[in-house]
Amino acid sequence: MRVGSYEVKLEKKVRVSGLEATIISLLAIVIGLALVGLVFLEAGVNPLNGYKAIFSYAFLNPFGLPLTINRSVFILLCTCAFIIPMKAGLWNIGMAGQLYGGALGAFGVALAFGAKGSQTPTASPGMIIPLMILGAVVGGALIGAIPGFLKGRFNTNEIVVTMMLNSIGYWLIAFMIKEGGPFMGGGGEGQGFKLSESVFAPMAWGGTFTIPIALAVAALLYFMFAKTTLGYQIKAFGLSPSAAKYAGISSQNVPLLVFILGGLIAGLAGYHYFAAVPGLYKIPTNYGDFGDLSFYGIICGLISQGNPLAAIPFAMLFGGLTNGGRFVQGQLQLGYGIDYALLGVLMITLVAFQFFYRNTVVWKKIERES
Amino acid sequence: MPNQPVKRGDTVLEARGITKRFPGVVANDHIDFEIRAGEIHAILGENGAGKTTLMKILFGLIQPDEGEIYVQGEKVAFHSPLDAIHLGIGMVHQNRKLIPAHTVLENILLGHPKAGSIPDLRRTRDEIAGLCDRYGFKIDLKAKVWQLSEGEKQAVEILKTLYRGARILILDEPTSALAPPETEKLLESIRIMTGDDLALVPFITHKLPIVLGISDRVTVLRRGRVTARLRTAEATENSLAREMVGREVIFRLAHVDVKQGKPILEVDDLSALNDKGQLALRGISFTVHEGEILGIAGVSGNGQQVLAEVLAGLRKPVTGRISIDGVDITRSSSLERWKRGMGYIPSDRMNVGSIGAHSLVENVLMNYYFDGAYSSWGVVDSQKTRKLTEGLIAEYDIAAPGPETTAKSLSGGNLQKLILARVLSREPRLIIANLPTQGLDVGATEFVQNKLLEAKRQHAAILLISEDLDEVLSLSDRVAPIYEGEFMGVVSVKDARIEDIGAMMAGMKQKVAQP
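Computed from a predicted model, the values in this text were never measured in an experiment.

Criteria and cut-off values
Residues numbered from 1 in each chain as written. Chains lettered and ligands numbered in written order. Predicted model: local features only at pLDDT ≥ 70, side-chain atom pairs only at ≥ 80, totals over all residues. Helix = DSSP H or I, 4+ residues; strand = E, 2+ residues; numbered from the N terminus. Rg over C-alpha atoms; globule rule 2.2 N^0.38 Å. Buried ≥ 20, exposed ≤ 12 C-beta atoms within 10 Å, placed from the backbone. Contact = placed C-beta atoms within 7 Å. Expected span 1.5 Å × (residues − 1). Axes fitted to C-alpha atoms, helices over the stretch in contact; angles between N-to-C directions. Parallel < 35°, antiparallel > 145°, perpendicular 65-115°, else oblique. Left-handed = near helix turned anticlockwise from the far one by under 90°. Pairing = 2+ DSSP bridges. Core = buried A, V, L, I, M, F, W, Y, C linked by C-beta atoms within 7 Å.

K.L.:
Before we go on, may I ask you to explain the overall build of chain A in this structure?
P.N.:
Looking only at helices and strands, chain A features 15 helices and five strands. Taking 370 residues into account, the globule formula puts the C-alpha radius of gyration at 21 Å, and chain A, at 23 Å, falls close to it. Projected onto its principal axes, the C-alpha coordinates of chain A cover approximately 90 × 60 × 35 Å. For chain A, the residues scored as buried account for 47% of the 370 residues in total.

Rendered as C-alpha cells:
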C-alpha cells in the first residue's frame, strides 16, 4: 500500500517479546480510552475529568479500591479457569456455571454444619472453612468434568455443553435460594442464607485470604505450563492433537483433566465472591451479575495469550473499570451503560491490537521512478 | 510488452543476482538463472538449498532483497503472485491447493478472471477438455476432486495454471506424491508441453533419475548458491550428486551383517479398518527379530499407513494379536508401547512427528516427557532436556540456530533428522519407520538410512515401510511386498529377484512359499 511517498508493508513477526506486548497493550488501552472519550464529550463531560474520576475511585478511593481488588481477583480466577482448557485448544465458556457449582458446594457444606445466620455451627471454623473451600472446588470441578468427559469420550462440542451448563447452574441456584428452597435466606428477599460470622473467610494483610490464593493459583499455573510434564502434555495436545496422540498423550484424558482443573478454579471464584468478600457472605439476589462478570475471564485470557501472570494487570484493569465506570455513571450523571460501553470498546481495541503481535508495519520511502 | 510470441530457444525469463535473506540464513545468494522457451529446466538441490525460495520469488510470493527479474527482456517487479500470473507464470505447489468438495471444472475455474461473470460452462468445458486432449490428461471434469488420485489432482493443478494462460510453469517436487505409473504419465504430459513452444517447464526436484530423464538443462543449488549450470546431456548421476551435496554420495549401501536374535515383534492375523471404515489390513502375520530389518514394499495406499498406526497403538485392530518381546500389547496404549521400547517414526513429519510452534527442546520432549530420568515429581529437568537436544543437534548435524528454534523453521530434511534423533536416542528395541526418507534429498536420505543400519547393528528390530523399492532392497534382510492390505509373500533379499518383488507389489502372489 502507498501512503504519500512511502510504501507501507506488513511483515510477519516470528516472536513477540514481553516488552513489545506490553507496549502494544498500553497503546490499545490509550486508544480505547480516547475513543470512549468522545462519548464523554458528547455527554458534556471533559474526558480527562471523567477518567480521573473513574481511576481515582477504582484505584485510590478507600471504598473503591477494595471493591476493585475483590472484583479483579474474581476475574483473575475466571481467567485461569478459561486459560487451562484454552491451552489444550478447548473453549471454556462455562465459568459461570462452574462458579455457581462452587457456590452451591461451599454453601452446602456450611449448611450441613449449621453455619447459618445466627446459629452456632456444629463444628469448629478451622474445620468448616477448609471443607467449604473443598466443597467449592469439588462443585466447580464436577460441573467442569461434564463437558470435559463428553469432549474426550464422544468429541462433543465443549462450547455448547458449557453454555448449556451455565443456564443449568443459574436455575439450580435459583431453585436452591428461592422461598422454600434449601438455601433460602430469611425475609423473603429471594436471596440465600447468610453464613454464620464464625465461618466468614479469614483475612490476610487487610484483605480476604482468597487474594493471595488467587495470585498463587496464577503463579502455579504459569509454573505448570512452563515447567511440568503435565503442562507440556496439555500444550502439546492444544497445538497438535495428532502429534500429541503420536507421543502417547491421551486424547480422552486431557480434555477431561483441563475442564476439571478449570472448573475447580472457577469454583474457587464462586467461593471467593459469595463466601469471602466482606459484606456479602451469601448468595445474593443478583448472583447472575457475577456469572456475567466471569465472562471477562475469556477476554482477559485471550488478551494475555494464555499467560496467567500477564493476566493479572488486565484483570485489575477490568475489575477497576467495571467498578469505577459504574461509580461515575451516578456521580457525573452519565447515561446508563457507560461502563459497559467503556469495557466493550477497550476489549475491541485490545483484541484488534493483537494484530501487531503477529505483524510488523514497515515504512519504506519510495524512490522516485524516472 | 512481455506478452509477445516467443520462439523456441529464446530466453523468456531471466533472474540476475537474486538474493534473499531470512533471519540467520541467506536462502538465495546472488543467483543468476535463465529459462528458455521449449526447454525443461530442472532446479536441483538438497533440502534447504534455496530451491523453493527461488521459485517463490519468481512467482511473486516473496520479494527478493536484491536482484532483478526480466520477462522476455523487460524488467519486472512482482508485488504478488497476481503480477506473475499476468505475465504468464504459473506455479504448481508441492502441497495441493484444491477444494476437495468441488468438481474438477469448478476448481479450474476458481480464481479465473472468467469466473467473475457468469461463465459459459459449455465453452469452458470444451476448452479445458481440449487442453486435456492436447497434453494427454485423462480426467473427468465432472468428478469431485476428493475422488481423484494424487496424480489426477496434480494434473488438475497443471490444467488450472495452463487455463489461466501460464506459459512458464513452475512445478515444485511434482512427483513426490505419485506412484511410479502416475509419474510416467506426468512426465509424458510435460514432454508434450515442451514440444509446444508455449509451455516451458522449470522443474524443482531432488530425484536424480527424473532430472536426468526429462530435463534439458540443470541448475544445481547448494546452500543458496548456484554450484553448477549445465546441459543435462553432459551430466551424469554422480556428477550431479557431487555438485548437489559437495561430495560423492554412496548409492549402494554396504549390507550390514548382524547375527539375528530372538523375535521382538510378533504379529498374528492382524486386520484393521482405515478412516473410511474399509478393511485396509487383511489378516497379516509376520515376525521381526533382533538385528533384522523387515522391509514392507508397496505402492502408496495399500495399507502401509494403517499397519504402522496399528503397531504404534494409534489405531485399534479388528482382529489379531501383536506382541513385543513375547508380551501381548494388542490392547496396550501407545504410551505403554513407547515405554516397552517401541520407537515410531511417522510418515507425516509436520503434523504427527513434530509440533511446529514448539521449540526443538519441546519437540525432543515428545518422546521423553514420560521418562523419569528427565523429570522429577512431574517437573521437567530443563537443563537436562536442553543438553540432550543440543547433543542430538550436534550428533545428527541438524542445521538449526539453536535448541530454542521452532520446529516449523526447519527444512524437511532437518526436521526428519530431529525426529530420527529423538526416536533413536531412546535406543528402541523395535523401530517402526514409515517412509523415513520420503521427500528427502540424497544426502539426508543416506544419513537416515545409515542411522537405521546403525540401529540394526545395535540389535534393534526394524520394520521399514517404504515406497522406494531400491531403498527396501538395499536396507532390508527380508522384504514383504504388500498389496491391498495383504502380504504377497515374504522374501529373503539375498535370493530375491527384483522382477518377482515388483510383480508381488502389483498383486501377484508369491509362487513358491518360503520357509
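K.L.:
Help me out: how do you make sense of the interface of chain A and chain B in this one?
P.N.:
Many analyses report the size of an interface as the accessible area lost when the parts associate. Taken together, the contact between chain A and chain B spans 16 residues of the former and 25 residues of the latter. Elements with a minimum of two residues in the side of chain A that touches chain B: α8 (229-239) and α9 (241-246) of chain A. No other element matches the six residues that α8 of chain A contributes to the side of chain A that touches chain B.

K.L.:
Explain helix α3 (residues 64-87) of chain A to me, please; I cannot follow it from the model alone.
P.N.:
Because an α-helix completes one turn every 3.6 residues, residues spaced three or four positions apart along the sequence face the same direction. Residues and elements named next belong to chain A. In this model α3 runs 34 Å from its N-terminal to its C-terminal C-alpha over 24 residues, within 8% of the 34 Å that 1.5 Å per residue would give. Most of α3 sits out of view: 21 of its 24 residues are buried. At the exit of α3 stands Gly89, carrying a positive phi of roughly 75 degrees.

K.L.:
I would appreciate a short explanation of the packing of helix α12 (residues 296-303) of chain A against helix α13 (residues 311-331) of chain A in the present structure.
P.N.:
Between two packed helices, the angle of one axis relative to the other and the distance separating the axes together describe the packing. All names here are of chain A. As a packed pair, α12 and α13 sit with axes 9 Å apart at the nearest point and diverge in direction by 140 degrees. Comparing their axes, α13 and α12 come out oblique. As α12 packs across α13, the resulting crossing turns out to be right-handed. Residues Tyr296, Cys300, Gly301 and Ile303 of α12 touch α13, and the partners they reach there are Ala311, Phe314, Ala315 and Phe318.

K.L.:
What is the right way to read the pairing of strand β7 (residues 168-172) of chain B from this model?
P.N.:
Two faces belong to every sheet, and in a regular strand the side chains alternate between them. All names here are of chain B. In terms of burial, β7 is largely enclosed, as five of its five residues are buried. The side-chain alternation of β7 yields two buried faces, one formed by Ile168, Ile170 and Asp172 and the other by Leu169 and Leu171. As paired strands, strand β6 (residues 89-92) and β7 are joined by four bridges and run parallel to one another. Each bridged residue has a counterpart across the sheet, and for Met91 the counterpart in β7 is Ile170.

K.L.:
Sorry, what's going on with the environment of His112 of chain B here?
P.N.:
All names here are of chain B. Looking at the element boundaries, His112 is found in the loop between α3 (104-109) and α4 (121-135). Taking the C-alpha atoms as reference, His112 lies 6.3 Å from Arg164; in sequence the two are 52 residues apart. With sequence-adjacent residues up to four places away left out, His112 is seen in contact with Tyr163 and Arg164.

K.L.:
When you look at the sheet that holds strand β15 (residues 327-328) of chain B in this model, what are you seeing that I'm missing?
P.N.:
Consider a sheet: its strands pair through backbone hydrogen bonds, and that pairing is either parallel or antiparallel. Residues and elements named next belong to chain B. Taken in spatial order, the four strands line up as β12-β11-β14-β15 in an open sheet, and their pairing is antiparallel. In the strand order of this sheet, the two ends are held by β12 (279-289) and β15, each with one partner. Two elements, strand β11 (residues 263-273) and β12, share seven bridges in a ladder whose sense is antiparallel. By the bridge assignment for β12, Ala272 is matched with Leu281. Contacts between helix α9 (residues 304-312) and the sheet are confined to β11, β12 and β14 (319-324), with β12 contributing the most and set at about 60 degrees to the helix.

K.L.:
In this structure, what is going on with the sheet that holds strand β1 (residues 2-3) of chain A? I would like to understand it.
P.N.:
All names here are of chain A. Across the sheet, which stays open at both edges, the three strands sit in the order β1-β2-β5 with antiparallel pairing between neighbours. Either end of the sheet is taken by a strand with one partner, and the two such strands are β1 and β5 (359-365). When β1 meets strand β2 (residues 6-12), the two strands line up antiparallel, connected through two bridges. Bridge pairing in β2 links Arg2 to Glu7.

K.L.:
What is the right way to look at the nonpolar core in this model?
P.N.:
Side chains that are nonpolar tend, in soluble globular proteins, to be buried together. Core analysis: the biggest nonpolar cluster contains 184 residues, and Leu77 and Met132 of chain A together with Ile432 and Leu464 of chain B have the highest contact counts within it. The dominant element in this core, judged by the number of residues it contributes, is helix α10 (residues 253-276) of chain A, at 17 residues. What Leu464 of chain B contacts, discounting residues up to four positions off in sequence, is Ile293, Leu294, Gly295, Ile296, Ala433, Leu452, Val472, Leu475 and Ser476 of chain B. In terms of nonpolar packing, the next biggest core, distinct from the first, is built from 56 residues, Ala49, Leu109, Leu171 and Leu221 of chain B among them.

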